[in-house]
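Remarks on the overall topology
Listed below, chain by chain, are the residues.
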Amino acid sequence: MKRYDVAVLLVCSLAACAQPSAPPPQQAARPPATPPQAAPLPSSRVTSEAQIAPGRWVVDQVQCSDLLGAADEDRETAAMFYYGYLAAKAGIRVIDVNEIDGNVRRVMDRCAAAPDITVPQASRQALGRRG
């Protein structure tokens, strides 16, 4: 399980630390459409205390705000990681694949409603599972 933990946390940390790419040379001369202050840079995003070092996260302490702030693909990957991680932690041995999308949606809705709780807390609250 540690290998999966590291992979997902690496993806999340990369998303949090990603720098915007430089515009193509033909677009460099154009003035920006909005003032630079209008959109904060991704690197300025503050993560929770779950990030203990670059690329290192304490899985049980990752807050919903960390998950919600990740890029779409990273958020999907992390959500699936947590789905399997928390199912294993709760001793669930059979997963109905037809329920995954709905369950993940419920957890993400709970995270959106309470971004300051941890992802495991959101999962327990949304799905009524212990572990």
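Scope of this entry: the structure provided in the associated data block. (Residues numbered from 1 in each chain as written. Predicted model: local features only at pLDDT ≥ 70, side-chain atom pairs only at ≥ 80, totals over all residues. Heavy atoms only, no water.)

Structurally, N103 can be placed in helix α4 (residues 100–113). Given the relative accessible area of 4%, N103 is considered buried. N103 has contacts with Y83 and L127, leaving out every residue within four places of it along the chain. (Helix = DSSP H or I, 4+ residues; strand = E, 2+ residues; numbered from the N terminus. Buried < 20%, exposed > 50% of the residue type's maximum accessible area, 1.4 Å probe, protein only. Contact = heavy atoms within 4.5 Å.)

In this model α4 runs 20 Å from its N-terminal to its C-terminal C-alpha over 14 residues, within 8% of the 20 Å that 1.5 Å per residue would give. I100, G102, N103, V104, V107, M108 and C111 are the residues of α4 that are buried. Summarising the contacts, the buried residues of α4 are in contact with α2 (64–68), α3 (72–89) and α5 (119–127). (Expected span 1.5 Å × (residues − 1).)

In total, this model carries 3 aromatic pairs according to the counting rule given. With a centroid separation of 5.5 Å and an interplanar angle of 20 degrees, the aromatic rings of F81 and Y85 are classed as stacked. Here F81 pairs with Y85, and both are found in helix α3, just 4 residues apart, close to one helical turn. Across the pair, Y85 and F81 agree in class, each one buried. On the numbers, 6.3 Å between centres and 90 degrees between planes, the contact of Y82 with Y85 is edge-to-face. One end of the pair, Y82, and the other, Y85, are both in helix α3, 3 residues apart, so they sit about a helical turn from each other. Overall, the relative accessible area of 4% leaves Y82 in the buried class. Following the ring pairs from residue to residue traces out a cluster consisting of F81, Y82 and Y85. (Phe/Tyr/Trp six-rings, centres within 6.5 Å; stacked < 30°, edge-to-face > 60°.)

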